[in-house]
Amino acid sequence: MLSTLRKTRDMIRHLNLARDNMIAAWPKSYYRRELIVENILGRRMFIVNSPAGVQQVMVARADRYRKSPSNEQALRPLLGNGLFVSEGTLWQRQRRIVTPSTHISRLPGYAAEIATVCDTMTADWKRRPAGFEVDVTEEFTLLTAEIISRIMFGFPLGEKVHELFSAFAEYQASHGRVHTAELLGLPSWLPRLSGFRGRRAVRRFDRVLLEIMAAGHARQRTDFEDFLDLLLNFRDDQGQPMSPTLARDEMASIFLAGHETTAITLSWASWLLERHPAVEERLVAEARRVLGSRSPTIEDYPQLVYTRAVIEETLRLYPPVHVFSRQAVADDEIAGTKIPRGSFITISSWVLHRHTLFWDNPNEFDPERFVPPRADKVERFAYIPFGAGPRICLGKNLGLMEAVLLLAMSTRDWKLRLRENHPVEPLGRMTLRPRHGLPMRITPRGA
Ligand code: HEM
């Protein structure tokens with residue numbers, strides 16, 4: 001009896017730790033185990049921690065799993081029935097409708113847009129006194145928000161980006177913590193503090209989305225269809241358009257899924273480069289050789305091999321989406337262990353990407369591991385920064401290209417240096433961000 005109480009007390013302590021920072025709560029032993037079964041307050045939770053297990057849950061038997069209710073609870077107030085949270089036939093239909101917007105044939109136009117927006121940001125940097133300081137996470141978030149809005153909605157956000165950004169920050173402050181209890185399917189005894197603040201944030205968010213939608217209707221384009229056009233021009237078998245609410249939900253989803261992740265990647269990459277001067281030097285040399293002093297185009301992208309490796313290695317060590325939670329909708333078996341219907345599955349890309357069985361020197365920043373031919377040794381399902389299977393990131397190609405081009409441009413021209421003695425700690429909540437931000441001093445790199 002006493003030991004059960006003690007176990008429960010330890011578990012609650014652990015859940016609270018995880019609620020503050022999920023990645024700090026993963027026990028050391030997980031980094032060498034392949035399947036972990038925990039009994040938590042009478043529930044079994046499965047932590048799938050091997051490439052074969054990941055392949056099974058996310059790809060081969062993806063039809064036996066759905067995104068878990070915790071994902072839905074955290075995001076539905078903001079994203080409604082958008083792609084990120086919907087399931088079943090609705091998700092299938094919506095994914096089919098918007099998939100053309102991220103097809104690789106679109107990348108050349110997107111590369112041009114990315115370069116233009118980045119040039120605007122750096123023109124602004126040039127006007128500021130040398131050695132000025134910005135929080136790069138905020139700066140890159142504003143940059144990638146502008147990019148995603150132009151690419152997906154054909155709408156330059158300009159100053160409105162601040163409105164969306166602060167509404168999202170407010171929403172995250174109220175909904176951003178993953179309730180570990182919910183990951184387990186337990187009722188959360190912690191009251192949802194979100195209520196009023198969350199709803200206010202959504203209303204602020206919607207004001208801008210509705211304006212963007214109205215601009216989309218006004219231009220009535222059918223020749224070149226961006227993401228917004230695809231939503232607005234859609235007609236079902238009966239000739240009915242998509243409901244404005246669902247179109248709004250998809251816009252909110254693409255906007256959020258499509259900018260913060262890229263911004264965080266760039267932020268971690270900038271910080272890692274400062275800490276690894278030899279890597280930084282090599283990246284600068286590549287960017288100068290490939291780009292000279294001009295803006296990049298799509299033709300440059302395949303040449304930026306090392307820059308891409310730096311981004312891929314950043315995504316390994318600091319995956320912005322650091323945890324995947326699923327619920328079994330049918331019985332399954334993983335590595336001989338029965339997974340009953342209704343079970344909760346967690347896959348932590350943070351742990352998997354640093355797993356001692358699947359990576360050499362897992363905690364070392366070593367972009368070379370993503371440069372061919374060494375890259376061929378990376379186990380496909382030990383590395384899932386964009387997820388895998390049917391729910392794989394819709395913007396995988398775009399996000400990767402965007403991060404590569406932006407990192408090449410910013411590092412070629414600028415030195416980013418962290419404020420002295422500033423603490424850097426990865427914080428795993430809805431996404432993996434630096435807990436105290438990344439205030440960095442920015443100076444021109446010179447010749
Ligand atoms: C470095 C950048 C990015 C990273 C690391 C990233 C990561 C991810 C991950 C891991 C998922 C799967 C989540 C799950 O299975 O539970 C996902 C889904 C998604 N991503 Fe990305 N993403 C990035 C950029 C983008 C961009 C640029 C877009 C916009 C086009 C985008 C749109 C989406 C959408 C719509 C989904 C939901 C897909 C679905 O469920 O059908 N992402 N992303």
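The present account deals with the structure reproduced in this document. (Residues numbered from 1 in each chain as written. Predicted model: local features only at pLDDT ≥ 70, side-chain atom pairs only at ≥ 80, totals over all residues. Heavy atoms only, no water.)

1. Details of the overall build of the protein chain
Defined as follows: In this description a helix means any DSSP run of H or I spanning at least four residues, a strand means any run of E spanning at least two, and both kinds are numbered starting from the N terminus. For this measure, only C-alpha atoms enter the radius of gyration; the expected value for a globule follows 2.2 Å times N^0.38, where N is the number of residues. The buried label goes to any residue with under 20% of its type's maximum accessible area, the exposed label to any with over 50%, and the partly exposed label to all in between, with areas taken from a 1.4 Å probe on protein chains only. We call two residues in contact when some of their heavy atoms are within 4.5 Å. Residue exposure ignores everything except the shown protein chains as possible cover, and the areas themselves are Shrake-Rupley values with a 1.4 Å probe.
What the protein chain contains, in helices and strands, is 16 helices and twelve strands. Taking 22 Å as the expected radius of gyration for a compact globule of 447 residues, we find that the protein chain reaches 22 Å, a close match to that expectation. Looking at the protein chain as a whole, 55% of its 447 residues are labelled buried. Long-range pairs, those at least 24 residues apart, make up 75% of the contacts in the protein chain with a sequence separation of at least 6. Total accessible area on the protein chain stands at roughly 19700 Å², and carbon and sulfur atoms take up 53% of it.

2. Examining helix α6 (residues 136–153)
Inclusion rule: Helices are assigned an expected span. That span is 1.5 Å times one less than the residue count. Here a polar contact is taken to be a pair of N or O atoms separated by no more than 3.5 Å, where protein atoms must pair a possible hydrogen donor with a possible acceptor and residues adjacent in sequence count only if both atoms sit in side chains.
Under the 1.5 Å per step criterion, the end-to-end length of α6 is 25 Å for 18 residues, consistent within 8% with the ideal 26 Å. Within α6, 15 of the 18 residues are buried, which leaves the element mostly enclosed by the surrounding structure. The opening residue of α6 is Asp-135, an N-cap whose side-chain oxygen sits 2.9 Å from the backbone nitrogen of Thr-137. One or two steps after α6, the chain reaches Gly-154, where phi turns positive at roughly 60 degrees.

3. Some remarks on the coordination of the iron atom of the ligand
By definition of the ideal shapes, four donors in a tetrahedron about a metal sit 109.5 degrees apart, and six donors in an octahedron sit 90 or 180 degrees apart. Under the convention used in this document: Donor atoms (N, O, S) are those found within 2.8 Å of the metal centre, with the cutoff raised to 3.2 Å for Na, K and Ca; water is not part of the atom list, so apparent gaps in a site can occur.
In this structure, the iron atom of the ligand receives exactly one donor atom from the protein: Cys-393 (SG), at 2.3 Å. Following the sequence through the fold, Cys-393 ends up in the loop between α15 (349–352) and α16 (396–413).

4. Regarding the site of the ligand
Which entries qualify depends on this criterion: By convention in these notes, a residue is near a molecule or strand provided one of its non-hydrogen atoms lies within 4 Å of it. Lys, Arg, Asp and Glu make up the charged group, whereas Ala, Val, Leu, Ile, Met, Phe, Trp, Tyr, Cys and Pro make up the nonpolar group; the residues left over, Gly among them, are polar.
Residues in close proximity to the ligand total 28 residues, the closest being Trp-91, Arg-95, Arg-326, Arg-391 and Cys-393. Contact between the ligand and Leu-83: an oxygen atom at 3.4 Å from a main-chain N or O atom of the residue. Here Arg-326 contributes a side-chain N or O atom positioned 2.8 Å from an oxygen atom of the ligand. Taken together, the elements giving at least two residues each to the shell around the ligand come down to α4 (88–98), α6, α11 (244–257), α12 (260–275), β5 (323–328) and α16. The element contributing the most residues to the shell around the ligand is α12, with three residues. Looking at side-chain class alone, the shell around the ligand contains 16 nonpolar, eight polar and four charged residues.

5. So, the side chain of Ser-50
Among the secondary structure elements, Ser-50 is positioned in the loop between β2 (43–48) and α2 (51–60). A relative accessible area of 7% means that Ser-50 is categorised as buried. Discounting chain neighbours no more than four positions away, the residues touching Ser-50 are Glu-34, Leu-352 and Phe-358.

6. Here's the deal with the pattern of salt bridges
As a reminder of what qualifies: When a carboxyl oxygen of Asp or Glu lies within 4 Å of a side-chain nitrogen of Lys or Arg, that pair is called a salt bridge.
Overall, the coordinates contain 29 salt bridges when judged by the stated rule. The closest approach of N and O atoms between Glu-280 and Arg-445, which form a salt bridge, is 3.1 Å. Of this pair, Glu-280 sits in helix α13 (residues 277–291) while Arg-445 is found in the segment after β12 (439–444), placing the two residues 165 residues apart along the sequence. For Arg-294, the salt bridge identified is with Asp-300, shortest N-O distance 2.9 Å. Judged by relative accessible area, which is 41%, Arg-294 ranks as partly exposed.

The values reported here are purely geometric and, on their own, carry no functional implication.
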